[in-house]
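Architecture and fold: a report
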Amino acid sequence: MAATASNSSAQGRSGKNDKDAPPPLPAPLNVPVADSHTHLDMQGDTSVEEALAKAASVGVTTVVQVGCDVAGSRWAAQTAAAHDAVWATVALHPNEAPRIVHGDPDGWSRQGTRPAGGREALDAALAEIDALAALPQVKGVGETGLDFFRTGPEGMEAQEYSFRRHIDIAKRHGKALVIHDREAHDDVLRVLTEEGAPDAVVFHCYSGDAAMAKVCADNGYYMSFAGNVTFKNAQPLRDALAVAPLDLILVETDAPFLTPAPYRGRPNAPYLIPVTLRAMAASKGTGEDELAAAVAANTARAFAY
């Protein structure tokens, strides 16, 4: 989309391309809410303090910082301990487990090139996640789950083993289970059923359809909607939102990813939660304040803070 005149001026002053420029601050929410899933450690040069202040200025007063590997999970726990507005979750991302087991010769992950470590290395990493999950500022175990988009058949065994172990960790510590589910809906639901779900299950960046939303609702699973619910091609997500019960809906950024329209492709951050929440309210036919109040209560209940 072409930049407006004001955006063009800002672009000229900053020297940045429009796609690199942070979107403007939205109008503040009347009812404060939480960003149920963000990655402050991946948001460029913005400090934690800057990100939290900017979010709070528009009514996003709490963020859940999500770990994706051992190093990121340690950072999440440390950051939550240092900031009252931050809670943490810890985990090995579904794509991290196969890299630990089979190696990462291309250095795709943030750890760079790694040799194959086998099941022993995966168990050692899971033991660290288990220890971190015991900390009081850690309110969830995730993001874990299954991702059949980036991981092929050779990695599925490691993914499922890791997912089952994370379910056990969440149950033993009484923490919410935060699920990453990409092109693996049936298998994620199968493993949850086979293992027995924790008391609180959150489908982060909900990606299922309306039929799956009804399954989640029947099981009391929370569905967290991200900026992609605003995309033109995301009608199945809006259909799912329509049938999701108000008491099981969360909102998230997954920042710096999934920036909501009309800023798609630009960097996402917790301060953009109001853009997504307002689009959700309009799509669901719910008042903005009503949805914000529900989301705030749901997030606090899901993560027990």
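For the structure itself, look to the data block above.
Residues numbered from 1 in each chain as written. Predicted model: local features only at pLDDT ≥ 70, side-chain atom pairs only at ≥ 80, totals over all residues. Heavy atoms only, no water.

Topic: the overall build of the protein chain
Helix and strand content of the protein chain: 11 helices and eight strands. Computed over the C-alpha atoms, the radius of gyration of the protein chain is 19 Å, within 12% of the 19 Å expected from 2.2 N^0.38 for a compact globule of 305 residues. If one aligns the C-alpha atoms of the protein chain with their principal axes, the spans along those axes are about 55 × 45 × 35 Å. Within the protein chain, counting contacts between residues at least 6 apart in sequence, those at least 24 apart form 71% of the total. With 26 positive and 38 negative side-chain charges, the protein chain shows a separation of 4 Å between the mean positions of the two kinds. (Helix = DSSP H or I, 4+ residues; strand = E, 2+ residues; numbered from the N terminus. Rg over C-alpha atoms; globule rule 2.2 N^0.38 Å. Contact = heavy atoms within 4.5 Å. Lys, Arg positive; Asp, Glu negative; His and termini not counted. Charge placed at Lys NZ, Arg CZ, Asp CG, Glu CD.)

Things to note about the environment of V70
Mapped onto the elements, V70 comes out in helix 3 (residues 70–82). The exposure class assigned to V70 is buried, which follows from its relative accessible area of 14%. Separated by 20 residues in the primary sequence, V70 and V90 have C-alpha atoms spaced 7.9 Å apart. Setting aside anything within four residues of it in sequence, one finds V70 in contact with L92, A125, E128 and I129. (Buried < 20%, exposed > 50% of the residue type's maximum accessible area, 1.4 Å probe, protein only.)

Focus: the pattern of salt bridges
The full count for this structure, using the stated rule, is 14 salt bridges. A salt bridge links R172 to D168, with the shortest nitrogen-to-oxygen separation between them at 2.9 Å. Here D168 and R172 lie together in helix 6 (residues 153–173), a separation of four residues that amounts to about one turn. In this structure, the salt-bridge partner of D187 is R190, at a minimum N-O distance of 2.9 Å. With a gap of three residues between them, D187 and R190 both fall in helix 7 (residues 185–195), about one helical turn apart. (Salt bridge = Lys/Arg side-chain N within 4 Å of Asp/Glu carboxyl O.)

Description of the sheet that holds strand 3 (residues 86–90)
Strand order in the open sheet made by the eight strands is 1-2-3-4-5-6-7-8, with parallel pairing throughout. One side of each edge strand has no neighbouring strand; the edge strands of this open sheet are strand 1 (33–38) and strand 8 (249–251). Neighbour to neighbour, the strand axes of the sheet diverge by 30 degrees on average, direction disregarded. Two strands pair when backbone bridges link them, and strand 7 (residues 222–225) and strand 8 are joined in this way by three bridges, in the parallel orientation. (Pairing = 2+ DSSP bridges. Axes fitted to C-alpha atoms, helices over the stretch in contact; angles between N-to-C directions.)

Comments concerning empty space enclosed by the protein
Scanning the model with the defined rule gives one cavity of 30 Å³ or more in all. By volume, the largest cavity amounts to about 30 Å³. If you trace the largest cavity, you find it lined by I179, D181, H185, F203, H204, C205, Y206, S207, G208 and M212. For the lining of the largest cavity, the per-class residue count stands at five nonpolar, four polar and one charged. (1 Å grid on protein atoms, 1.4 Å probe; cavity = no way out; pocket = protein on both sides within 12 Å on 5 of 7 lines; lining within 4 Å. Points joined across faces, edges and corners; volume = space filled by probe spheres on them. Nonpolar A, V, L, I, M, F, W, Y, C, P; charged D, E, K, R; others polar.)

What about the packing of helix 6 against helix 7?
Look at helix 6 against helix 7: their axes get within 11 Å of each other, and the N-to-C directions meet at 45 degrees. The angle between helix 6 and helix 7 falls in the class oblique. The interaxial crossing formed by helix 6 with helix 7 has right-handed handedness. Facing E160, F163, R164, I167 and K171 of helix 6, the residues of helix 7 in contact are V188, R190, V191, L192, E194 and E195. Residues of the contact of helix 6 with helix 7, tallied by class, amount to five nonpolar, no polar and six charged. (Parallel < 35°, antiparallel > 145°, perpendicular 65-115°, else oblique. Left-handed = near helix turned anticlockwise from the far one by under 90°.)

Thoughts on the nonpolar core
F163, L192, F203 and Y206 are the most contacted members of the largest nonpolar core, which totals 83 residues. At six residues, helix 5 (residues 118–133) tops the list of elements feeding residues into this core. Discounting residues that sit within four places of it in the chain, F163 has contacts with T144, G145, L146, L177, I179, V188, V191 and L192. (Core = buried A, V, L, I, M, F, W, Y, C linked by side-chain atoms within 4.5 Å.)

Structural notes on the pairing of strand 5 (residues 176–182)
Counting buried residues along strand 5, six of its seven residues qualify, which places the element largely inside the surrounding structure. Bridging between strand 4 (residues 138–147) and strand 5 involves six bridges; their strand directions are parallel. Bridge assignment links L146 to a residue of strand 5, and that residue is D181. In this fold, strand 4 hands off to helix 6, which returns the chain to strand 5; that crossover is right-handed. Sheet topology places strand 5 next to strand 6 (residues 201–203); three bridges connect them, and they run parallel. Residue pairing in the sheet places I179 in a bridge with F203 of strand 6. Handedness of the crossover joining strand 5 and strand 6 through helix 7: right-handed. (Right-handed = clockwise from strand over helix to strand, strands pointing away.)

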